[in-house]
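Read off the chains here:
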Amino acid sequence: MEKLVVKLNEGLVYVAKGITMLMVLLITLDVLGRWLFNQPITGSVELVGFGLSMVIFLSIGYTHLYEEHISIEFLVDKLPEKVRYLIDGVINVVITLLMILIAGSLMWYVSRLYDSGTITGDLGIPIYIMALITVAGSLVFALTSLHLAIKYFGKVGQA
């Protein structure tokens, strides 16, 4: 399971990096076009907004996998190692359940967007496509936190 989680997260973070690079290029060209030719790129705000949401949802699992989130542990650090692993396992189970609920809610939202045919104002991009990408990121995050929960509960037995 660990290999699958690592590969999924690394693949999604590479996509997120590519999207970030495209956003930088788009913003730069938009600013230059606006400044030099008084002609901004149509839809750049929409694309950057979509890009930002994709970067967040595609990379959050990777950040969690390598435990790079900000955490405050001054109380937990004083507890015995076994208790710390147990707390980390429970926290990751809660994260898994919450992310499954969020993914389900997002999927319902995707269905509503698809049925209504909602598109962006400038470029006419169907919004459900971008929402579907956030569902994928949420599910990978849930799988990552499940993997970490199993890892921590296994350490409880070893400590």
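The following refers to the structure shown. Just so you know, these numbers come straight off a predicted model, no measurement behind them.

Within the largest apolar cluster, 13 residues are counted, with the highest numbers of intra-cluster contacts made by Ile19, Met23, Met54, Val55, Leu58 and Met130. Looking at this core, the elements that each hand over two or more residues are helix H1 (2–37), helix H2 (44–65) and helix H4 (127–158). Core analysis: the next-biggest nonpolar cluster, separate from the first, contains five residues, Leu106, Val110, Ala131 and Val135 among them.

In this section: the packing of aromatic side chains. Going through the model one piece at a time under the given rule, you end up with three aromatic pairs. Between the aromatic rings of Tyr114 and Tyr128, the centroid separation amounts to 4.9 Å while the plane-to-plane angle is 85 degrees, which identifies the pairing as edge-to-face. With Tyr114 in helix H3 (residues 81–116) and Tyr128 in helix H4, this pair connects stretches of sequence that are 14 residues apart. Relative accessible area serves as the criterion here: at 52%, Tyr114 is assigned to the exposed category. A residue is classified by how much of its surface remains accessible, and Tyr128, at 24% relative accessible area, is partly exposed. The aromatic ring of Tyr152 is capped on one face by Lys151, whose charged end is 5.5 Å from the ring centroid.

Let us look at the packing of H1 against H4. Following both chains from N to C, one finds H1 and H4 inclined at 145 degrees, their axes separated by 10 Å at the closest point. The element H1 and its partner H4 pack so that their crossing is left-handed. Of H4, the residues touching H1 (which contributes Glu2, Leu4, Val5, Leu8, Asn9 and Leu12) are Val140, Leu143, Thr144 and His147. In terms of residue class, the contact of H1 with H4 is made up of six nonpolar, three polar and one charged.

What the rule picks out here adds up to two salt bridges. Residue Arg34 pairs with Asp30 through a salt bridge whose shortest N-O separation is 3.5 Å. In this pair, Arg34 and Asp30 both sit in helix H1, four residues apart, roughly one turn of the helix. Relative accessible area serves as the criterion here: at 46%, Arg34 is assigned to the partly exposed category. Classification of Asp30 by relative accessible area gives buried; the value is 9%.

Residue position: Arg112 is located in helix H3. Residues Arg112 and Gly51 lie 61 residues apart in sequence; the distance between their C-alpha atoms is 21 Å.

This next bit is on a nonpolar patch on the surface. On the surface, Leu86, Val90, Val93, Val94, Leu97, Leu98, Leu101, Ile102 and Phe153 cluster together into a nonpolar patch covering about 760 Å² of accessible area. Position of Val93 relative to the elements: it lies in helix H3.

Turning to the environment of Ile102, a few remarks are in order. Within the fold, Ile102 resides in helix H3. Residue classification places Ile102 among the partly exposed residues on the basis of a relative accessible area of 37%. Considered as a pair, Ile102 and Ala142 are 40 residues apart in the sequence and their alpha carbons are 9.6 Å apart.

About the cut-offs
Residues numbered from 1 in each chain as written. Predicted model: local features only at pLDDT ≥ 70, side-chain atom pairs only at ≥ 80, totals over all residues. Heavy atoms only, no water. Core = buried A, V, L, I, M, F, W, Y, C linked by side-chain atoms within 4.5 Å. Buried < 20%, exposed > 50% of the residue type's maximum accessible area, 1.4 Å probe, protein only. Helix = DSSP H or I, 4+ residues; strand = E, 2+ residues; numbered from the N terminus. Phe/Tyr/Trp six-rings, centres within 6.5 Å; stacked < 30°, edge-to-face > 60°. Lys NZ or Arg CZ within 6 Å of the ring centre and 35° of its normal. Axes fitted to C-alpha atoms, helices over the stretch in contact; angles between N-to-C directions. Left-handed = near helix turned anticlockwise from the far one by under 90°. Contact = heavy atoms within 4.5 Å. Nonpolar A, V, L, I, M, F, W, Y, C, P; charged D, E, K, R; others polar. Salt bridge = Lys/Arg side-chain N within 4 Å of Asp/Glu carboxyl O. Patch = residues over 30% accessible without salt bridge, like charges linked within 9 Å, V, L, I, M, F, W, Y side chains within 5 Å. Areas by Shrake-Rupley, 256 points an atom, 1.4 Å probe, with all protein chains shown as cover.

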